[in-house]
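Residues per chain are reported as follows:
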Amino acid sequence: MSLSVTNLLSIKDLTNDDINLVLDTAKYFEEISKRAIKKVPTLRGKTIVNLFLEPSTRTRISFELAAKRLSADVVNISSDSSAIKKGESLKDTAKTLTAMGIDIIVMRHSFAGSSELLAKWTDARIINAGDGAHEHPTQALLDLYTVREKLKKIENLHIGIVGDVAHSRVARSNIFAFKKMGAKISVIAPPTLVPPEFESLGVNIRYNFDEVIPEIDVIYLLRLQLERQTESFFPSIGEYARLFCLNKERLKMAKENVVIMHPGPINRDIEISGDITEMPESIITQQVASGIAVRMAVLYLLAGGGLVSGAVD
Amino acid sequence: MELLIKGGKLVDPSNKQNSVKDIYIKDGLIKSVGKDLGETLKKGINAIDAKGLIVAPGFVDLHTHLREPGREDEETIATGTRAAAKGGFTSICCMPNTNPVVDNKSVVDFIKEKARSEGIVKVFPVGAITKGLNGRELAEMADLADAGVVGFSDDGESVMDSRLMRRALEYSKMFDLPLMVHSEDKNLTRDGQINEGYWSTALGLKGMPSQAEEIMVARDISLLSLTGGRIHIAHTSASESVDIIRKAKNDGLKVTCEATPHHLTLNDEYLRNFDTSGKVNPPLRSKKDIEALIEALADGTIDVVATDHAPHTLSEKEKEFDLAPFGVIGLETAFSVLFTELVKKKLLSFSGLIEALSTKPASIIGVKSGIKEGSPADLTVIDEKRKFKVEDFISKSSNSPFKGRELEGKVIYTIVDGKVVFEE
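Residues numbered from 1 in each chain as written. Chains lettered and ligands numbered in written order. Predicted model: local features only at pLDDT ≥ 70, side-chain atom pairs only at ≥ 80, totals over all residues. Heavy atoms only, no water.

(A) Highlighting the overall build of chain A. Tallying secondary structure elements over chain A gives 10 helices and nine strands in all. Radius of gyration (C-alpha) of chain A: 19 Å, near the 20 Å computed for a compact globule of 313 residues. With respect to the three principal axes, the spread of C-alpha positions in chain A is 55 × 45 × 35 Å. Here chain A, with 313 residues, has 57% of them falling under the buried criterion. If you sum the accessible surface of chain A, you get close to 12900 Å²; carbon and sulfur atoms cover 51% of it. Computed over 38 positive and 38 negative side-chain charges, the separation of the two mean positions in chain A equals 4 Å. (Helix = DSSP H or I, 4+ residues; strand = E, 2+ residues; numbered from the N terminus. Rg over C-alpha atoms; globule rule 2.2 N^0.38 Å. Buried < 20%, exposed > 50% of the residue type's maximum accessible area, 1.4 Å probe, protein only. Areas by Shrake-Rupley, 256 points an atom, 1.4 Å probe, with all protein chains shown as cover. Lys, Arg positive; Asp, Glu negative; His and termini not counted. Charge placed at Lys NZ, Arg CZ, Asp CG, Glu CD.)

(B) Representation of the nonpolar core. Counting residues in hydrophobic clusters, the biggest one holds 91 residues, and the most contacted among them are A:L141, A:I161, A:I219 and A:L299. Of all the elements, helix α10 (residues 284-302) of chain A adds the most residues to this core, at 10 residues. Leaving out residues up to four positions away in the same chain, A:L141 has contacts with A:L8, A:I11, A:L14, A:I19, A:V22, A:L23, A:V294 and A:V298. Counting residues in each nonpolar core, the second largest holds 73 residues, with B:V121, B:M141, B:V343 and B:V411 among its members. (Core = buried A, V, L, I, M, F, W, Y, C linked by side-chain atoms within 4.5 Å. Contact = heavy atoms within 4.5 Å.)

(C) Structural view of the pairing of strand β7 (residues 89-94) of chain B. Residue and element names in this part refer to chain B. Along β7, six of the six residues are buried, which leaves the element largely enclosed by surrounding structure. Sheet analysis places strand β6 (residues 59-64) next to β7, joined by four bridges and oriented parallel. Residue V60 lies in a different strand from β7, and its bridge partner there is S91. Taken together, β6, helix α2 (residues 77-86) and β7 form a β-α-β motif whose crossover is right-handed. Crossover connection from β7 via helix α3 (residues 105-118) to parallel strand β8 (residues 122-125): handedness right-handed. (Pairing = 2+ DSSP bridges. Right-handed = clockwise from strand over helix to strand, strands pointing away.)

(D) Region of interest: the confidence of the model for chain A. Here chain A shows a mean pLDDT of 92. Residues at 70 or above account for 96%. Contacts for the low-pLDDT stretch residues 307-313 of chain A, under 50 throughout, to residues beyond four places or in other chains number 11 contacts. (pLDDT = per-residue confidence, 0-100.)

(E) Examining the domain arrangement of chain B more closely. Residues and elements named next belong to chain B. Structurally, chain B comprises domain 1 (2-54 + 375-423) and domain 2 (59-364). The C-alpha centroid of domain 2 is placed 26 Å from the C-alpha centroid of domain 1. Counting from both sides, the interface comprises 36 residues of domain 1 and, opposite them, 47 residues of domain 2. Here domain 1 packs against domain 2, burying approximately 3200 Å² in sum over the two surfaces, 63% of which is carbon and sulfur. For the pair domain 1 and domain 2, the interface holds four salt bridges. Put simply, K344 and E408 hold a salt bridge, and the shortest N to O gap is 3.1 Å. (Domains from an automatic or database assignment. Buried area = accessible area lost by both parts, 1.4 Å probe. Salt bridge = Lys/Arg side-chain N within 4 Å of Asp/Glu carboxyl O.)

(F) View of helix α3 (residues 90-99) of chain A. Residues and elements named next belong to chain A. Listed in full, the buried residues belonging to α3 are L90, T93, A94 and L97. An end-on view of α3 places all buried positions within 100° of arc, on one side of the element. Residues of α3 that are buried sit in contact with β1 (47-52), β2 (73-78), β3 (104-109) and α4 (114-120). One or two residues past the end of α3 sits G101, with phi positive at roughly 75°. (Arc of directions from axis to C-beta.)

(G) How the structure looks around the environment of A:I127. Residues and elements named next belong to chain A. Structurally, the position occupied by I127 is in strand β4 (residues 125-131). Remark: the alpha-carbon pair of I127 and S79, spanning 48 residues in sequence, is separated by 17 Å. If sequence neighbours within four positions are ignored, I127 has contacts with L8, F63, I104, I105, V106, M107, T138, V298, L299 and L302.

(H) Quick peek at the interface of chain A and chain B. At the junction of the two partners, chain A supplies 19 residues and chain B supplies 17 residues. Together chain A and chain B conceal approximately 1500 Å² of surface at their shared face, both sides included; 63% is due to carbon and sulfur atoms. Three residues, A:F111, A:A112 and A:E197, lead the burial of chain A against chain B; their summed loss comes to 32% of the area buried on that side. Taken together, chain A and chain B are joined by one salt bridge. The salt bridge partner of A:K91 is B:E318, with a shortest N-O separation of 2.8 Å. The interface formed by chain A and chain B holds three residue pairs in polar contact (both at pLDDT 80 or more) in total. Taken together, the elements giving at least two residues each to the side of chain A that touches chain B come down to α3, α4 and α6 (169-180) of chain A. Per element, the largest residue contribution to the side of chain A that touches chain B is three residues, and it comes from α4(A). (Polar contact = N/O pair within 3.5 Å; in protein donor to acceptor, adjacent residues only side chain to side chain.)

(I) Looking closely at the packing of aromatic side chains. The final tally for this structure, using the stated rule, is 12 aromatic pairs over all chains. Here the aromatic rings of A:F29 and A:Y300 are separated by 5.4 Å at their centres, their planes lie at 70°, and the arrangement is edge-to-face. Taken as a pair, A:F29 in helix α1 (residues 16-30) and A:Y300 in helix α10 lie far apart in primary sequence, 271 residues in all. Each member of the pair, A:F29 as well as A:Y300, is classed as buried. The positively charged end of B:K279 is found above the aromatic ring belonging to B:F326, 4.6 Å away from the centroid. Between the NZ or CZ atom of B:K410 and the centre of the ring of B:F388, over which it lies, the distance is 5.1 Å. (Phe/Tyr/Trp six-rings, centres within 6.5 Å; stacked < 30°, edge-to-face > 60°. Lys NZ or Arg CZ within 6 Å of the ring centre and 35° of its normal.)

(J) Summary view of the pairing of strand β8 (residues 218-221) of chain A. Residues and elements named next belong to chain A. Burial of β8 is two-sided: the residues V218 and Y220 facing one way and the residues I219 and L221 facing the other way are all buried. In this structure, strand β5 (residues 158-162) lies alongside β8, joined through four bridges in parallel fashion. In the strand pairing of β8, I161 is matched with Y220. Pairing between β8 and strand β9 (residues 259-261): three bridges, direction parallel. Its bridge partner lying in β9, I219 is registered against I260.

(K) Quick look at the environment of A:K68. As for its placement among the helices and strands, A:K68 is situated in helix α2 (residues 58-69). Sequence-distant contacts of A:K68, that is, excluding residues within four places in its chain, are made with A:K39 and A:V74.

(L) Region of the structure containing the side chain of B:T313. All names here are of chain B. When you line up the elements, T313 lands in the loop between β14 (304-305) and α11 (314-317). Take T313: its relative accessible area is 18%, and that puts it in the buried class. At 3.2 Å, the side chain of T313 and the side chain of E316 are in polar contact. Excluding anything up to four places from it in sequence, T313 contacts D73, E74 and S397.

(M) Here's a closer look at the packing of α1(A) against helix α5 (residues 137-151) of chain A. Residues and elements named next belong to chain A. Running from N to C, α1 and α5 point in directions that differ by 70°, and their axes come no closer than 10 Å. By the criterion of interaxial angle, the relationship of α1 to α5 is roughly perpendicular. In the packing of α1 onto α5, the handedness of the crossing is right-handed. Between α1, through I19, N20, V22, L23, D24, A26, K27 and E30, and α5, the contact on the second element is made entirely by L141, L144, Y145, R148 and E149. Tallied by class, residues from the contact of α1 with α5 come to seven nonpolar, one polar and five charged. (Axes fitted to C-alpha atoms, helices over the stretch in contact; angles between N-to-C directions. Parallel < 35°, antiparallel > 145°, perpendicular 65-115°, else oblique. Left-handed = near helix turned anticlockwise from the far one by under 90°. Nonpolar A, V, L, I, M, F, W, Y, C, P; charged D, E, K, R; others polar.)

(N) Focus on the layout of surface pockets. All names here are of chain B. In this structure, the second largest pocket spans a volume of roughly 500 Å³. Considering the residues around the second largest pocket, the lining is formed by 28 residues, among which R67, N97, G156, H312 and F326 are closest to the centre. Among the residues forming the lining of the second largest pocket, the class breakdown is five nonpolar, 13 polar and 10 charged. (1 Å grid on protein atoms, 1.4 Å probe; cavity = no way out; pocket = protein on both sides within 12 Å on 5 of 7 lines; lining within 4 Å. Points joined across faces, edges and corners; volume = space filled by probe spheres on them.)

(O) Region of the structure containing the pattern of salt bridges. Following the criterion strictly, the structure yields 42 salt bridges over all chains and no others. One salt bridge connects A:R268 with A:E278, and the closest N-O pair in it is separated by 3.7 Å. With A:R268 in the loop between β9 and α10 and A:E278 in the loop between β9 and α10, this residue pair connects regions lying 10 residues apart in the sequence. Judged by relative accessible area, which is 62%, A:E278 ranks as exposed. Of the charged contacts in the structure, one is a salt bridge between B:R246 and B:D299, with a shortest N-O distance of 2.9 Å. Placement of B:R246 in helix α8 (residues 239-250) and of B:D299 in helix α10 (residues 287-299) is noted, with a sequence separation of 53 residues between them. Several salt bridges converge on common partners, so that one network encompasses B:R67, B:R71, B:D73, B:E74 and B:E316.

Next up, the structure:
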């Protein structure tokens with residue numbers, strides 16, 4: 001079994017079969033991270049470059065660990081410490097890496113469409129680890145995985161995505177992903193952060209968190225970029241938090257089996273109050289754990305997948 | 001210098017030409033138009049066999065960027081005029097956003113001299129509305145008018161200050177020259193990359209709403225009704241703009257406008273793969289906007305087709321979408337794209353297309369055009385049946401959204417002042 005795509009650039013490109021293949025494969029790899037020796041020889045001899053041209057902690061470390069647990073050779077490039085700071089173009093970076101015989105490039109970039117562009121200039125497999133406000137496919141895949149593990153299904157769940165949807169690649173990928181898998185989605189934010197066109201992506205737009213919270217199975221909180229205040233998307237962080245912060249009172253109105261998710265990093269008391277991040281409803285740490293398994297699955301499937309001896313022992 | 005164009009079908013509604021006739025040209029002028037002229041002329045005359053071909057008045061482009069002075073890496077007057085000739089254009093207006101900006105006579109003189117010595121079609125410079133396109137101080141319009149500009153424009157920039165725009169309109173009345181306005185509310189479009197709509201939402205690219213154009217078109221026309229003067233609205237792209245312009249014309253205001261071949265045929269779905277060949281300002285809009293533009297071109301609300309030919313080098317366009325500059329070339333493909341997508345699909349008549357490409361733009365800048373005795377011999381000869389693939393460009397740049405397209409209808413000869421400047 002293999003993916004219908006050679007690069008993982010966007011959820012939009014994936015079929016439901018692709019998504020199920022990734023999730024099923026992740027299940028195998030999840031077990032490895034629980035062992036004493038967290039390593040399998042699956043991708044030994046493969047070279048993976050993490051090209052992170054925008055700051056990241058959790059995603060980069062997650063990819064690095066995923067690659068290393070599969071025994072691949074990993075090179076980390078960040079924009080600060082590379083020729084990109086000297087003005088080297090993405091095209092030249094791509095050609096240079098290709099000449100060095102890289103198997104997979106995991107790229108995060110500030111501009112939408114960058115991984116599509118990278119794909120034009122290299123035969124290496126490409127994983128989009130976030131391109132501007134466009135997509136963050138592995139985040140959506142790990143979110144699907146986490147929900148499926150916890151709630152045993154995705155179809156017909158009501159997902160509530162709360163926060164700065166307009167500027168969020170996580171929101172976009174999750175909307176595409178959860179919709180493909182049959183969930184219902186509401187986006188909850190002030191109107192300035194959720195343009196009406198989002199309805200044409202097949203989601204309901206709601207401005208009142210309190211009203212919709214009793215209907216939701218999965219509360220998915222997005223990080224608020226605090227700079228948005230200076231661009232007048234909302235008058236103050238205080239007002240935003242008053243309306244949209246998930247606190248104890250709001251949580252009381254939620255369904256009994258509701259789960260809370262957040263891609264991280266969290267702005268405590270803005271998206272979620274500090275006293276509920278550790279509550280059992282929160283599966284935020286499970287998301288992080290799933291992330292490694294899902295990324296191992298994606299690396300494995302893009303590197304060729306198939307039943308390689310020693311692939312999964 | 002004599003030239004005989006034999007047996008072509010003349011299409012020039014303004015001179016009631018719509019049949020097969022010969023054209024005899026001498027010393028740069030059309031000397032006679034009629035059937036079987038070859039019989040009465042001496043043998044051995046230079047002749048073009050235009051049998052099966054169409055002969056139209058030479059095309060006039062009111063909106064081109066020749067990039068010289070300043071960006072000769074993208075295009076020069078030499079290469080740009082050759083690209084124009086390939087597209088059937090015998091006259092082109094070049095926009096002032098060069099480096100230095102065309103805000104004084106010396107730059108106009110430079111362009112005219114380059115055009116005379118290195119160009120092969122007629123070049124009519126447009127002067128800036130504001131000094132350095134800074135949007136704050138008026139350029140010396142009288143100086144520019146003396147130098148021979150055919151209009152004023154801050155194209156690329158928008159005159160955001162309404163008070164200044166008012167002054168510009170008032171002042172320009174002295175010269176009876178149009179302000180060719182780039183109508184865009186720059187605050188609404190800040191950081192914008194493509195049309196605001198489904199695709200900007202799905203792709204995570206910042207959108208530029210059509211209201212940004214609508215607002216400034218309304219503002220410019222409103223000021224026009226206050227001050228008088230002439231306005232020509234550049235690259236009209238939104239259906240809302242069309243409605244405002246239609247009403248303004250019905251109210252008798254002196255407004256004309258243009259639409260580009262790319263806005264008339266490509267919608268924002270083109271951008272689904274982040275192809276910067278479609279990154280242009282104003283952006284490619286929705287299907288609904290295209291329908292409104294085509295309807296407006298057919299009913300005359302949109303007066304002319306103009307290319308907004310905007311060359312950019314490969315390296316500049318081969319960047320992350322946000323970093324790539326706005327602009328597409330269009331001189332070489334304008335006629336063929338519109339013939340294929342509008343005329344052949346019966347959305348626009350052939351004569352309507354010819355008028356929008358030649359007669360009407362010529363009248364806006366006061367350039368002589370038409371197939372009649374005494375007119376300058378500026379002619380475009382077309383083969384309606386020729387099919388071809390858009391591959392190589394004469395322009396120094398190749399940032400065209402039509403690259404690789406199969407088109408029908410091609411310019412075969414372009415004649416300027418009786419001289420063949422392009423031959424297929």
